[in-house]
Amino acid sequence: MDAKDGKTGKAPLWQFIRAGDYALPTTVVSRATFKKWTAFKQIFRHSDANGAPPFKTEEELKTLPEARLAYVVPPIDWNAVTDALDLALADWLQESSPKSPVKFVIGQPHAGHGELLDHWANRHDACRVEAPSLKQILDHDEHWLETWPEKGQRWVLPHLEHCYLRHTNGLGLVRRFMEMAVDGRLGFGLIGCDSWARAYLQRVCLSSYWDAWTLQSFDGKRLARLFTCDENAQRQQPLRFINMPLYYFQFDLSVR
């Protein structure tokens, strides 16, 4: 069960959990079945007497102006996400010599885990470590591992997936990096990695390396709060979204 915010009584909008505990949000069976049946029937209906299909091509859809788009889907508040990550790692951050020298933050590809760790590094004055260059990887250059931040300073590697490029040299470099990192030889750090890269690396590196955290999936209520600028936003009318590509139905994401 999700922890509740003491002020609002609601589950936190952003919540980090251990990667092994990740699960897709559940949907009430009866409601899901009704929606699918309604959507299925709409496929065989016409939107007017002339028989025009109830779909529009991508070219026919109007593009929202940037100002309107920012109103409908506001930029992610990375400070709030960083707060949630700090809460999950609170014990680790307070230990002067943590048992686990490194933690992993797993995100979906292109979903912003790099931006999150950039914000985290700025907040904690951690050193941001860039992935080795393509030339370093192809030249089998291990100088990257010799120029690590001094022990005592926390570091952040936002994109582990950029370190190997499915190349044997890069894979060997990542294996040596993982061994040094989990042994504590590189000090204390936070490593970001996308879920596809993690799935691949778990097959070629020891699974015990992964002390990993990830964001809890968004259920309908959390998604509604996200699209409505969270519960602090005051709107005169609820936002309504239309899903056009496959089905033709409208659903309400207003906060109840």
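Everything that follows concerns the structure shown earlier in this document.
Here the idea is simple: oppositely charged side chains can pair when their charged atoms come close. Using the criterion set out here, one finds ten salt bridges in the structure. A salt bridge links R123 to D83, with the nearest nitrogen and oxygen atoms 2.7 Å apart. Remark: D83 occurs in helix α3 (residues 78–88) and R123 occurs in helix α5 (residues 113–124); sequence separation between them is 40 residues. For D83, a relative accessible area of 43% corresponds to the partly exposed category. The partner of R185 in a salt bridge is D183, with the nearest N and O atoms 3.2 Å apart. Taking the relative accessible area as the measure of exposure, R185 reaches 46% and is therefore partly exposed.

A separate point is the pairing of strand β5 (residues 189–194). Summarising burial for β5: six of the six residues are buried, a large majority. Burial along β5 is two-sided: G189, I191 and C193 facing one way and L190, G192 and D194 facing the other are all buried. Pairing geometry for strand β2 (residues 102–107) and β5, over six bridges, is parallel. Its bridge partner being in β5, V102 is matched across the sheet by G189. As defined by bridge partners, strand β4 (residues 155–157) adjoins β5 across three bridges and the pair is classed as parallel. From the neighbouring strand, L157 faces β5, where its bridge partner is I191. Assessed by its sense of winding, the connection that carries the chain from β4 through helix α8 (residues 168–182) to β5 is right-handed.

Attention shifts here to α3. Those residues of α3 that sit buried are W78, V81, T82, A84, L85 and D86. Where α3 is buried, its residues contact β1 (16–18), α4 (90–94), β2, α5 and β5.

Let us look at the side chain of R154. By secondary structure assignment, the location of R154 is in the loop between α7 (143–146) and β4. Buried charge without a salt bridge: R154, with E95 as the nearest opposite-charge side chain at an N-O distance of 7.8 Å. A polar contact is formed between the side chain of R154 and the backbone oxygen of L93, at a distance of 3.3 Å. Ignoring sequence-local partners within four residues, the contact set of R154 consists of W92, L93, E95, W120, A126, C127 and F188.

Structurally, the position occupied by S195 is in helix α9 (residues 195–204). For the pair S195 and A19, spaced 176 residues apart in sequence, the C-alpha separation works out to 9.8 Å. Among the polar contacts made by the side chain of S195, one reaches the side chain of Q108 at a distance of 3.3 Å.

Moving on, we come to a nonpolar patch on the surface. Together, L134, L138 and L165 line one region of the surface with nonpolar side chains, adding up to about 270 Å² of accessible area. The class of L138 is partly exposed, set by a relative accessible area of 42%.

Glancing now at the side chain of R222. Within the secondary structure, R222 is located in helix α10 (residues 220–227). Take R222: its relative accessible area is 4%, and that puts it in the buried class. Of note is the side chain of R222, whose polar atom sits 3.2 Å from the side chain of Q15.

Quick notes on the rules
- Residues numbered from 1 in each chain as written.
- Predicted model: local features only at pLDDT ≥ 70, side-chain atom pairs only at ≥ 80, totals over all residues.
- Heavy atoms only, no water.
- Salt bridge = Lys/Arg side-chain N within 4 Å of Asp/Glu carboxyl O.
- Helix = DSSP H or I, 4+ residues; strand = E, 2+ residues; numbered from the N terminus.
- Buried < 20%, exposed > 50% of the residue type's maximum accessible area, 1.4 Å probe, protein only.
- Pairing = 2+ DSSP bridges.
- Right-handed = clockwise from strand over helix to strand, strands pointing away.
- Contact = heavy atoms within 4.5 Å.
- Lys, Arg positive; Asp, Glu negative; His and termini not counted.
- Polar contact = N/O pair within 3.5 Å; in protein donor to acceptor, adjacent residues only side chain to side chain.
- Patch = residues over 30% accessible without salt bridge, like charges linked within 9 Å, V, L, I, M, F, W, Y side chains within 5 Å.
- Areas by Shrake-Rupley, 256 points an atom, 1.4 Å probe, with all protein chains shown as cover.

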